Amino acid sequence: IACYPPKNAVFGAMFAYADCYGKLDARGRERMKMLTTERLRLRPLVSADVAALHRFYNDPEVRRYLWDNQQVTTEQVQDIVTQSQSCFEELGVGFFAIEMLDAPGEITGFCGYRRFEGTNQPELLYGILPEFWGQGFVTEAAKAVLAGAS
């Protein structure tokens, strides 16, 4: 799985970026580090997130939509994190952990790019814990990721 931004990403101007652009990747492009919105902090996934992501992906409602109701192993989660880190290193985009600004360090979801299965088309993939559904958090995260990728 490889991640990359769409060529024509649409974005709004309501987002403030906190240390969003930093070192250059192998192709000389700036890499995203962290995005901040009015209510959210989005940061690239790291290995230390595996346990929290494992719990997240195995939440019955999350698993129902993202994993066809199949249990997710720790090894699968580690692979996702590793692939995302590679995508950030090579392409400057990948999966972000979503944290509420008022609860830093607590992963409530994820949002980012991957290559759609079996194609070269980018897919914006996201998930958030059920207690945060219906409050616009995923829309806010997706807009930030789209803006950061353009």
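Keep in mind that what you see is a predicted model, and the values were worked out from it rather than measured.

Reading guide: rules and limits
- Once a new chain begins, its residue numbering starts again from 1 and follows that chain's sequence as written.
- The model is predicted, so local features are restricted to residues of pLDDT at least 70 and side-chain atom pairs to those at 80 or more, both for listing and for counting; the totals for chains, interfaces and linings are taken over all residues.
- Side-chain measures here rest on the full set of heavy atoms in the structure, leaving out hydrogens and waters.
- In this text, buried Ala, Val, Leu, Ile, Met, Phe, Trp, Tyr and Cys residues form a nonpolar core when linked through side-chain atoms within 4.5 Å.
- Buried residues are those whose accessible area, probed at 1.4 Å on protein chains only, stays under 20% of the maximum for their type, while exposed residues exceed 50% and partly exposed ones sit between those limits.
- Under the DSSP-based scheme used, a helix requires at least four consecutive residues in state H or I and a strand at least two consecutive residues in state E, with every element numbered from the N terminus.
- Contacts are residue-level and defined by heavy atoms, with any inter-residue pair within 4.5 Å sufficient.

Here we look at the nonpolar core
Item 1. Ranked by internal contacts, the top residues of the largest apolar core, which has 18 residues, are L40, L42, C111 and V145.
Item 2. When residues of this core are traced back to their parent elements, those giving at least two are β4 (40–44), β5 (95–100), β6 (107–115) and α4 (137–149).
Item 3. Broken down by element, the residue count for this core peaks at six residues, all from α4.
Item 4. By size, the runner-up hydrophobic cluster in this structure holds 15 residues, among which are V72, V77, V81 and F95.

What to know about the side chain of T108
Item 1. Residue position: T108 is located in strand β6.
Item 2. Sequence-distant contacts of T108, defined by excluding residues within four places in its chain, comprise F56, I98, E99, M100, G127, I128, L129 and F132.

So, the side chain of D49
Item 1. If you trace the backbone, D49 turns up in the loop between β4 and α1 (50–57).
Item 2. When its relative accessible area of 6% is taken as the criterion, D49 is described as buried.
Item 3. In contact with D49, not counting residues within four places along its chain, are R43, P44, A97 and I107.

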